Structures are given as structure tokens and as C-alpha cells.
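Topology and contacts: notes
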Amino acid sequence: MSNTSNTALEQWIKEVAELTKPDRIVWCNGSQDEYQGLVDEMLANGTLSKLNQDDYPNCYLHRSDPRDVARVEGATMICTKTEIDAGPNNIWMEPTAAHEKIDAMFDGCMQGRTMYVVPYCMGPIASPLSRCGVEVTDSPYVVANMKIMTRMGQSALNRIEKEGNFVKGLHSTGELDPDRRFIMHFPEELSIKSYGSGYGGNALLGKKCHALRIASYQARSEGWLAEHMLILGLTNPEGVTRYVAAAFPSACGKTNLAMLVPPESHKGWKVSTIGDDIAWLQPGKDGKLYAINPEAGFFGVVPGTSPKTNYNAYKSIEQDTIFTNVGVTADNNPYWEGKESGETPVINWKGEPMTSETDNGPAAHPNSRFTAHATYNPVYSPESENPGGVPIDAIIFGGRRRELAPLIYEAKDWAHGVLVGAGMASETTAAATGQVGVVRRDPMAMKPFCGYNFADYFGHWLSMSEKSDNLPGVFHVNWFRRDEDGRFLWPGFGENLRVLRWALDRVDGKADAVETAIGYLPTAESLDTNDLDIAADDLEAILSIDKNQWAAEMQAVGEYLESYGERLPAALRDEYKKVQAALAA
Ligand code: TSX
Ligand code: MN
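These figures come from a predicted structure and were not determined experimentally.

1. Thoughts on the coordination of the manganese ion (ligand 2)
Bound to the manganese ion (ligand 2) are the protein donor atoms Lys 208 (NZ), His 228 (NE2) and Asp 277 (OD), situated 2.2 Å from the metal. Each donor residue of the manganese ion (ligand 2) lies on one chain, and together they are spaced K-x19-H-x48-D. Residue Lys 208 is located in helix H8 (residues 206–222), and its partner Asp 277 is located in the loop between strand E15 (270–275) and strand E16 (279–283); the two are separated by 69 residues in the primary sequence. Residue Lys 208 shares its accessibility class with Asp 277, and that shared class is buried.

2. Topic: the sheet that holds strand E2 (residues 48–50)
If you trace the five strands from one edge of the open sheet to the other, you get E2-E3-E19-E23-E18, paired in mixed fashion. Every other strand in the sheet has two partners, leaving E2 and strand E18 (297–301) as the edge strands with one partner each. Direction aside, neighbouring strands of the sheet carry axes that sit 25° apart on average. Where E2 lies against strand E3 (residues 60–62), three bridges are found, and the strand directions are antiparallel. Paired with Ser 49 across the bridge in E3 is Leu 61.

3. Points about the site of ligand 1
The full set close to ligand 1 counts 13 residues, and Gly 253, Asn 256, Gly 492, Phe 493 and Asn 496 are the nearest of them. Between Asn 256 and ligand 1, the recorded distance is 2.8 Å, taken from a side-chain N or O atom to an oxygen atom. At 2.9 Å from an oxygen atom of ligand 1 is found a side-chain nitrogen or oxygen belonging to Asn 496. Taking 640 Å² as the accessible area of ligand 1 by itself, protein coverage stands at 64%.

4. Focus: empty space enclosed by the protein
Applying the stated criterion across every chain, the model contains one cavity of 30 Å³ or more. Size it by volume and the largest cavity reaches roughly 160 Å³. Taken together, 17 residues form the lining of the largest cavity, with Tyr 409, Val 420, Gly 423, Trp 550 and Met 554 sitting closest to its centre. For the lining of the largest cavity, the per-class residue count stands at twelve nonpolar, three polar and two charged.

5. A short note on the state of the cysteines
All told, the structure shown has zero disulfides when counted by the stated rule. Here Cys 79 stays free of any disulfide, with the sulfur of Cys 209 as its closest cysteine sulfur at 12 Å. Summary of cysteine pairing: Cys 132 is not part of a disulfide, and the nearest cysteine sulfur, belonging to Cys 121, is at 3.7 Å.

6. A closer look at the packing of helix H16 (residues 547–562) against helix H17 (residues 570–584)
Two elements in contact, H16 and H17, have axes separated by 10 Å at closest approach and are oriented at 160°. Overall, the two elements H16 and H17 adopt an arrangement that is roughly antiparallel. The interaxial crossing formed by H16 with H17 has left-handed handedness. Side by side, H16 and H17 meet where Lys 547, Trp 550, Ala 551, Met 554, Gln 555, Gly 558, Leu 561 and Glu 562 of the first sit next to Leu 572, Arg 573, Tyr 576, Val 579, Gln 580, Ala 582 and Leu 583 of the second. Classifying every residue of the contact of H16 with H17 by side-chain character gives nine nonpolar, three polar and three charged.

Conventions and cut-offs
Note on numbering: residues in each chain are counted from 1, in written sequence order. Note on labels: chains are lettered from A, ligands numbered from 1, in written order. With pLDDT at 70 or above as the cut-off, local features in this predicted model cover only qualifying residues; side-chain atom pairs require 80 or more to be listed or tallied, and sums for whole chains, interfaces and linings still use all residues. Side-chain descriptors were evaluated using all non-hydrogen atoms of the structure, hydrogens and water having been removed beforehand. Each metal's donors comprise the N, O and S atoms found within 2.8 Å of it (within 3.2 Å for Na, K or Ca). Water is not part of the atom list, so some coordination spheres may appear incomplete. Helix and strand labels come from DSSP, where a helix needs a run of H or I of at least four residues and a strand needs a run of E of at least two; each type is numbered from the N terminus. Residue burial is assigned from relative accessible area. The probe radius is 1.4 Å, only protein chains are included, and a residue is buried under 20% of its type maximum, exposed over 50%, and partly exposed in between. Here a strand pair is declared whenever DSSP counts at least two bridges between the two strands. Axis definition: a line fitted to C-alpha atoms, limited for helices to the stretch in contact. Angles are taken between N-to-C directions and run from 0 to 180 degrees. Any residue with at least one heavy atom within 4 Å of a molecule or strand is counted as near it. Polar contacts, as used here, are pairs of N or O atoms within 3.5 Å; protein pairs need one atom able to donate a hydrogen and one able to accept it. Residues neighboring in sequence count only if both atoms are side-chain atoms. Under the convention used here, a 1.4 Å probe and the Shrake-Rupley method define accessible areas, while residue burial counts only the protein chains that appear. Both site types are read off a 1 Å grid over the protein atoms alone. A 1.4 Å probe that fits but cannot get out defines a cavity, while an open set with protein on both sides within 12 Å along at least five of seven lines defines a pocket; lining residues have an atom within 4 Å of a point. Grid points are joined across faces, edges and corners, and a volume is the space filled by probe spheres set on the points. Residues were grouped as follows: Ala, Val, Leu, Ile, Met, Phe, Trp, Tyr, Cys and Pro as nonpolar; Asp, Glu, Lys and Arg as charged; and all remaining residues, including Gly, as polar. The disulfide criterion is simple: two cysteine sulfur atoms within 2.5 Å. We call two directions roughly parallel when the angle between them is under 35 degrees, roughly antiparallel when it is over 145, roughly perpendicular when it lies between 65 and 115, and oblique otherwise. Crossing handedness: left-handed means the near helix sits turned counterclockwise from the far one by under a right angle, and right-handed means the same turn made clockwise. Should any heavy atoms of two residues lie within 4.5 Å, those residues are considered in contact.

Shown next as C-alpha cells:
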């Protein structure tokens, strides 16, 4: 019997089964019954446990292997024919050698196990901007997460059979040995092989592996952009909605911004969420960039999520949520640092007892996650399903910088905006690296996710101005400026709405700005600070630049970009030299 009319898919599944030798093969249809069946199976074998079903209906806890809690950049590879196509920003392996190495691990790895065939669509099923894939996995946890995070099952298979194209993703949790763990990408073959990890970013192949690494490679040849960006809608009191896409390195509060709650002073304004992690952008007939969120859910960091920091995320994860590596309270509720519910944990993420918040902590792993469907977000935007995407008026880059970067500045034009994105950098936090305050370069927040040479990527970004004459404005923000005593100068969170308003007003030619060497900064009057508790000198500090500091920064940006060698686009070199000259003037 044939399971699909797509012969390439049928053939590939046959090959994969011959290699991995599963006891049985299940083609997933994406139904609710199927999801419940997987959950019941995982409850029975201990992969999942039930949380308090009165407080957290249909919520479950998964504890991963304690050595398998995050993405593994050192084991993530881009396997293009030539090393230079992967670029210095990636770890490269020659494709034949890579297949050989990882296939030896896949050989027989599914004996005694079930092999799930998971067709999925990244983006609305009806959207021409969407792309499909099929993930083969032996992990029911992965299937359940894919059900929440993507359009998974029969509808995706139907599209694959109509279109013919799909990305092949092969995954096995293997024996979870950190030394036998590889996440390999073959962009020229549109395929992914992931072995030895059950963690989301390594195992939910539709997300970082497909929607960013493989898609970025495809996007270059097809003339679009696959980016590590949130997409939000901002509706003014008159009911007009504009859309913003924004890229931030980790620990900058991207999900919080995507779900922002307007402050008291902004009654009548509304933020709605299209996506919190990935955006696919493509020029439309009118020259504007249109964006879809390829995902259908949130795979977010749990610690720090409270009604105060992110009310909408907090509400999103009160039902039908898979929690991975959080703690548990005596009432069997999920617990994490920064939940601010007044509860105390009794069991930590490893399943060990805790007698107090500080004993045997932290309760939740710093990279513990929630998996929740997008529609549970109280400010979910139905435009998420628009097959045409939403028109983007502003692109915002950001970083966590104690000094240097002002609250917001606007790039002078598209090419300068590409420099602003390419020069992005952020300070590390304890949660991410254990090392606090070290500045890391992370162009467009894509350092771990670009499937090809960054020099070519910058060139591709620059080339978008030839494909479109109505590109968004480009901005850079920093919510994290501090004074000498370590006090934050900007209140952040909901008040960031004021900064988004300034950006969109600039796009409309309605807000004043001061021209500086690095771009346009708000005048003190053009940024709405009504009802905002901020001292005049603090405001002055975050709305100005230190030329000497910036000269040093541009030197560092230039050196970083030149490390990409002769492939670096000359136009990008011109851009940083222009800023350097303006700073010296
Ligand atoms: O997410 C954050 N955003 C964006 C919100 C839409 N965070 C949390 C970062 C960790 C993921 C922020 N932290 C933001 C911010 O804008 N700003 C800050 C820094 C900050 C922290 C606390 C206060 C002010 C600024 N205020 C008090 O503690 C009272
Ligand atoms: Mn991300």
C-alpha cells in the first residue's frame, strides 16, 4: 500500500526505514485524537507527567536528559559542497563525509521504536510564501511539539502532493550522548539530519533548521528573506494597524515585545502578535515587503514570564501547553523563577526535591521552555493566517548594550540599514552563557541561524533594494542603557510602545529627528514622554551618542566585517567607511 502519491516522498521514507529499522511506521495526520494518543503514550511511559489539571488544563511536564537542554552550536553544521559557501559564520563539513558519519549513527537506531512521518507546512497552508517539509522522527515528544508549532499532518501532506516540493528532515533522539550529537544541514539537497538530541531547537526540524537555516539559503536564490524576527501589529486609537518586524539576539525580550501590553497612558492603542521568532519576508507587487510567520506556536523561554513582564505569554501557557524542564509546586503546578505567583517549588527541573526556593535550585532550567499554540495568546492577530502576509513598515534591530547604543536611531537609507543589522552586537547574560556582560557580534540576530556565508547574506540584504522601491524604514533600539550605578535609564516593557510610535511616525515623515553620524535620533520633543516618569538628564543620555565611543565601535564593526574577507560586498565596506568618516568630521 502506498501512503502518498508523491513518489519522491514514498521512496525517501522507504530508504530511511531501511537505514533506521523501526518496528513500525506511523504517518501522522495532525488530528486532535492523534495528539491525545501521543500524550497518553508519553504519560504511560513517563516521558510526560500531568500538571495540575484544574489550574493548568491539558498541560504537561517533560523533563529532558539533563545533558540535553539547549541548542548545540558546536555540533551544528552546514554541509555545502564548498567550505566558502558555508562561510566563517558556520561549522562546515563536506556533504559525503557528513552523510557517512551521521548515517552510521542512524543505522538501526529505531529498532524497537516507532518511526513517525510528520508532514508539516511552515506558514499558512494557502500561502504562496509558505514552504513544506516532512520530519521523520522516533520521538513522540517531537511529534506533539510539531503539532503545536506547525501546520502538521494531512493538510500539509495534501499541499506537498500538489506542489511536489518538501524539505527532508531525519531525526532520532539516539542515545542522547553529547559526543554523538550532530545537527547537519544540507542546503543544496534541501535536507536536514539531526541525531542525539531531543531538545526543541535541535529536534523540531521545522523551526530553526528549516525555517531559518535551510530557508535562508532558499530565500537567497529566490529573492526573499528568512529572518530571526518577531512580527507585531500596532493599532492606533483610530483603528489603523501597521506592522513591524524586529530582530534581537537572545535575552533582549523578543517575545515580550511581540506581545507588548500598552501602558495606562496609551488607552486605545493595541499591539497584536503575528509571530515571536521567525519572519519570512518577500516583496509584493506594490514594492512593499510582506511577512508571514512560518510558525503556528510559541517555543518560549519560561523563566521570567509573569503577568507583569508578559501578561499575554502568561495567559497563553495556562492551558494546552507542554512545559519542558520547569519545576513543580506542592499543588503540582509548573514553577519557574520570576513567575511571581507567590508559590514555592518542591521539585526542581531534574525531578529532585527542593525544601525552599534557594535549596537545590534553580527550580526551572534557565532555558526551560513552553510550547503553546499561537491562538491562546490573548492578542493573537488573525492576520497570522493571511496568505498574503502583512505589509512591513519598519524593521527594527536591537541589542542589549549598557552603554553606547541610544534608545533608538533610524538608518539613513536601506544600505545603511544593512550595516546597522550587520553591526549588531549584544551583551551576554548569565542565563545564556554564564558569562555576564561580554559583547558578542550577532548580525541580524542570525549568527547561529544563517545557512550560508554571512558575506553573501549581507550582499543579499543589500540586493533587496533592487527588487523593491518601497522598503521599510530600518531602526536600531536598545532598551538596556544604564548609568554608572547599574540603574536602567529606560523603563522598557509597555513603554517601548512610545519608541515603536516614533519609528512609524518617521516612516510617515511625521516625527522630527536630529541627524548624527550613525543615523537619525529622536529630538527630545518628538518622542512622546507624556505621563512617563523619566528624568530629563536620563532622557538626554539615551537620546544622544558619544562620538569617541562610536568611533571605537565602528572600528570594531569594520574589523568584524573585514573578517569575512574578499566576499564582503564593497557596498557594505563603503557604508561603514562613510559612518567612520562622519564620526571623524
Ligand atoms: O523584555 C524586556 N523588555 C522588552 C519588553 C517589551 N526586558 C526583559 C529582558 C529579559 C528577557 C527588559 N528588561 C526590558 C524591555 O524593554 N527592559 C529591561 C530592563 C529593565 C528592568 C526593570 C525595570 C526597568 C528596565 N524596572 C524596574 O525594575 C522597576
Ligand atoms: Mn529565536
